[in-house]
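A closer look at the structure
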Amino acid sequence: MKQEVFFQDLGINRDYQEIWDLQEELLAENVAIKQYNRSQEKEGSTAFKATKNHLFFVEHPHVYTLGKSGDVENMLANEDKLNEIQATFVKTNRGGDITYHGPGQLVGYPILDLETFKPDIHLYMRNLEEVIIRTLAEYGLKGERSQGETGVWLDVGKPYARKICAMGVKASRWVTMHGFALNVNSDLRYFEYIIPCGIKDKAVASLDRELNREIDMEEIKGFVQKHFEEVFEVNLKIS
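Residues numbered from 1 in each chain as written. Predicted model: local features only at pLDDT ≥ 70, side-chain atom pairs only at ≥ 80, totals over all residues. Heavy atoms only, no water.

One way to put it is that helix 3 (residues 121-137) packs onto helix 5 (residues 217-232) with a least axis distance of 8 Å and a crossing angle of 135°. Between helix 3 and helix 5, the interaxial angle falls into the category oblique. Note that helix 3 runs across helix 5; the crossing there is right-handed. Here helix 3 contributes Tyr124, Asn127, Leu128, Glu130, Val131, Arg134 and Thr135 to the contact with helix 5, which in turn contributes Ile220, Phe223, Val224, His227, Phe228, Glu230, Val231 and Phe232. Tallied by class, residues from the contact of helix 3 with helix 5 come to nine nonpolar, three polar and three charged. (Axes fitted to C-alpha atoms, helices over the stretch in contact; angles between N-to-C directions. Helix = DSSP H or I, 4+ residues; strand = E, 2+ residues; numbered from the N terminus. Parallel < 35°, antiparallel > 145°, perpendicular 65-115°, else oblique. Left-handed = near helix turned anticlockwise from the far one by under 90°. Contact = heavy atoms within 4.5 Å. Nonpolar A, V, L, I, M, F, W, Y, C, P; charged D, E, K, R; others polar.)

Written out as structure tokens, the structure is:
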């Protein structure tokens with residue numbers, strides 16, 4: 001029987017800190033359940049509780065986020081420029097360097113207990129990439145992995161290689177948070193104010209620019225949901 005993942009589309013223009021706090025709350029709940037189960041196991045009890053897996057979709061207002069191992073020097077805009085372009089800057093606890101979130105970008109936050117899947121962060125990241133690769137194939141695009149560079153790319157190995165989906169996660173006791181950011185109808189000018197993911201010699205891409213047309217966000221959300229279910233072998237349940 002497939003595991004259930006509770007799915008919710010949180011909508012557009014949702015504050016980054018608000019959604020980060022929500023993820024932290026749900027991660028903490030799952031960690032507490034896992035600690036309880038371990039204590040029950042030590043006592044020889046079988047009164048275990050099940051952790052709860054989630055997947056959120058959201059679009060944020062213009063915001064730049066810096067991962068815990070990132071270099072603040074990759075943020076090129078000063079406070080005045082951020083005010084001018086109506087963007088904010090947040091230091092986060094995810095992996096990875098700096099990235100941008102904004103309108104027209106589909107952000108996905110899976111909160112999964114990997115011990116109920118496979119406790120392997122490397123595999124988890126490759127599976128997230130696979131979800132996006134399959135989604136891009138629905139539009140006739142070949143998404144690829146770039147060795148040593150997390151995320152999904154177009155035209156890997158060519159001078160015009162470009163990243164279309166950034167990823168960065170955190171895991172605590174095998175419970176994940178943060179996730180992926182897929183550029184769908186994104187304003188790519190906002191990437192000019194950072195060195196995206198700390199990579200100086202490669203560009204970024206968006207689906208609408210690649211296909212020269214605006215993308216239906218509800219359509220692409222449906223594709224991502226479909227392929228998330230396939231790759232992770234779960235059933236998404238609307239919550």
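Ordered in space as 4-3-5, the three strands form an open sheet in which the pairing is mixed. Sheet topology places strand 4 (88-91) and strand 5 (98-101) at the edges, where each strand pairs with a single neighbour. Taken pair by pair, the neighbouring strands of this sheet meet at an average axis angle of 25°, ignoring direction. Examined bridge by bridge, strand 3 (residues 63-66) and strand 4 share four bridges and lie parallel to one another. Bridge pairing in strand 4 places tyrosine 64 opposite phenylalanine 89. Taken strand by strand, helix 1 (residues 16-42) contacts strand 3, strand 4 and strand 5, and its axis lies near 25° from that of strand 4. (Pairing = 2+ DSSP bridges.)

Applying the stated criterion across every chain yields a total of nine aromatic pairs. When the centroid spacing of 5.6 Å and the interplanar angle of 50° are considered together, the rings of tyrosine 64 and tyrosine 100 count as tilted. In this pair, tyrosine 64 sits in strand 3 while tyrosine 100 sits in strand 5, placing the two residues 36 residues apart along the sequence. Given a relative accessible area of 1%, tyrosine 100 falls into the buried group. These aromatic residues form a ring-pair network of at least three members: Tyr64, Tyr100, Tyr190 and Phe191. A cation over a ring is seen here: lysine 49 above tyrosine 36, with NZ or CZ 4.4 Å from the ring centre. Positioned above the aromatic ring of phenylalanine 6, the side-chain terminus of lysine 52 is 4.3 Å from the ring centre. (Phe/Tyr/Trp six-rings, centres within 6.5 Å; stacked < 30°, edge-to-face > 60°. Buried < 20%, exposed > 50% of the residue type's maximum accessible area, 1.4 Å probe, protein only. Lys NZ or Arg CZ within 6 Å of the ring centre and 35° of its normal.)

Our focus in this paragraph is a negative patch on the surface. On the surface, Asp15, Asp21, Glu25 and Glu29 cluster together to form a negatively charged patch. Residue position: aspartate 21 is located in helix 1. (Patch = residues over 30% accessible without salt bridge, like charges linked within 9 Å, V, L, I, M, F, W, Y side chains within 5 Å. Areas by Shrake-Rupley, 256 points an atom, 1.4 Å probe, with all protein chains shown as cover. Salt bridge = Lys/Arg side-chain N within 4 Å of Asp/Glu carboxyl O. Lys, Arg positive; Asp, Glu negative; His and termini not counted. Charge placed at Lys NZ, Arg CZ, Asp CG, Glu CD.)

Turning to unusual backbone geometry, a few remarks are in order. In this model, glutamine 86 sits at a positive phi of 55°, which is unusual for a non-glycine residue. Here glutamine 86 is to be found in the loop between helix 2 (79-84) and strand 4. Owing to a relative accessible area of 65%, glutamine 86 belongs among the exposed residues under this scheme.

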